[in-house]
Amino acid sequence: MCEVFAGQSPKGYAFETRSVRLSGHVTSVRLETRFWSVLDDLAADQRMSLPLFLTTLYDEALELNGEISNFSSLLRCSCLIFLTNQIARYTQRSREELAA
């Protein structure tokens, strides 16, 4: 079982740092390459560019929570929520197709 996880390419979990503008301030965000790929898909799903999605998420989280202590962790968790929702939608569609 661990071969699936252990055998993945190191490129996918290598860190990639990107410079982003959030609420008018330029900052760096460091995430694993695979998370950047998921964020690209997530932004597209929201019909936004990645910079617009990151800014919108940051501004909304700041408004709701008053502060963001770890934006990178917020992004990783957002990816997990997105992927979990994708799996749930796929599973629901599969069930409906089987029932038809």
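Bear in mind the structure is a predicted one, so any value in this text is a computation, not a measurement. (Residues numbered from 1 in each chain as written. Predicted model: local features only at pLDDT ≥ 70, side-chain atom pairs only at ≥ 80, totals over all residues. Heavy atoms only, no water.)

Draft legend 1. Seen up close, the pattern of salt bridges. A complete count under the given rule lists two salt bridges for this structure. Close ionic contact of E16 with R18 constitutes a salt bridge, the shortest N to O distance being 2.9 Å. (Salt bridge = Lys/Arg side-chain N within 4 Å of Asp/Glu carboxyl O.)

Draft legend 2. Examining the layout of surface pockets more closely. Reported here for the largest pocket is a volume of approximately 240 Å³. Around the largest pocket sit 13 residues that line it, and L42, Q46, F53, S78 and F82 are the ones nearest its centre. Listed by contribution, the elements that provide at least two residues to the lining of the largest pocket are α3 (33-45), α4 (50-65) and α5 (71-99). Counting residues per element, the lining of the largest pocket draws most heavily on α5, which supplies five residues. (1 Å grid on protein atoms, 1.4 Å probe; cavity = no way out; pocket = protein on both sides within 12 Å on 5 of 7 lines; lining within 4 Å. Points joined across faces, edges and corners; volume = space filled by probe spheres on them. Helix = DSSP H or I, 4+ residues; strand = E, 2+ residues; numbered from the N terminus.)

Draft legend 3. Representation of the packing of α4 against α5 within the structure. Running from N to C, α4 and α5 point in directions that differ by 110°, and their axes come no closer than 12 Å. When the interaxial angle is binned, α4 and α5 end up roughly perpendicular. Contacts between α4 and α5 involve L54, L57, Y58 and A61 from the former and F71, L74, L75 and S78 from the latter. Of the residues that constitute the contact of α4 with α5, the class distribution is seven nonpolar, one polar and no charged. (Axes fitted to C-alpha atoms, helices over the stretch in contact; angles between N-to-C directions. Parallel < 35°, antiparallel > 145°, perpendicular 65-115°, else oblique. Contact = heavy atoms within 4.5 Å. Nonpolar A, V, L, I, M, F, W, Y, C, P; charged D, E, K, R; others polar.)

Draft legend 4. Just the environment of D45, in detail. With respect to the element layout, D45 can be found in helix α3. Of the residues examined, D45 reaches a relative accessible area of 34% and is grouped as partly exposed. A C-alpha to C-alpha distance of 14 Å links D45 and I87, two positions 42 residues apart in sequence. Excluding its chain neighbours within four sequence positions, the residues that come into contact with D45 are F82 and R89. (Buried < 20%, exposed > 50% of the residue type's maximum accessible area, 1.4 Å probe, protein only.)

Draft legend 5. Main features of the packing of aromatic side chains. Scanning the model with the defined rule gives one aromatic pair in all. Residues Y58 and F71 carry aromatic rings whose centres are separated by 5.4 Å and whose planes lie at 80° to one another, so their mutual orientation is edge-to-face. Here the residue Y58 occupies a position in helix α4, and F71 occupies one in helix α5, the gap between them amounting to 13 residues. Taken individually, Y58 and F71 each receive the classification buried, so the pair is uniform in this respect. A cation over a ring is seen here: R30 above F15, with NZ or CZ 3.9 Å from the ring centre. Positioned above the aromatic ring of F35, the side-chain terminus of R76 is 5.9 Å from the ring centre. (Phe/Tyr/Trp six-rings, centres within 6.5 Å; stacked < 30°, edge-to-face > 60°. Lys NZ or Arg CZ within 6 Å of the ring centre and 35° of its normal.)

Draft legend 6. Summary view of the nonpolar core. V29, W36, L39, F53, L54 and L75 are the most contacted members of the largest nonpolar core, which has 18 residues in total. Those elements that provide at least two residues to this core are β1 (15-22), β2 (25-32), α3, α4 and α5. Other than its neighbours up to four places away in sequence, V29 contacts E16, T17, R18, V20, W36, F71, S72 and L75. (Core = buried A, V, L, I, M, F, W, Y, C linked by side-chain atoms within 4.5 Å.)

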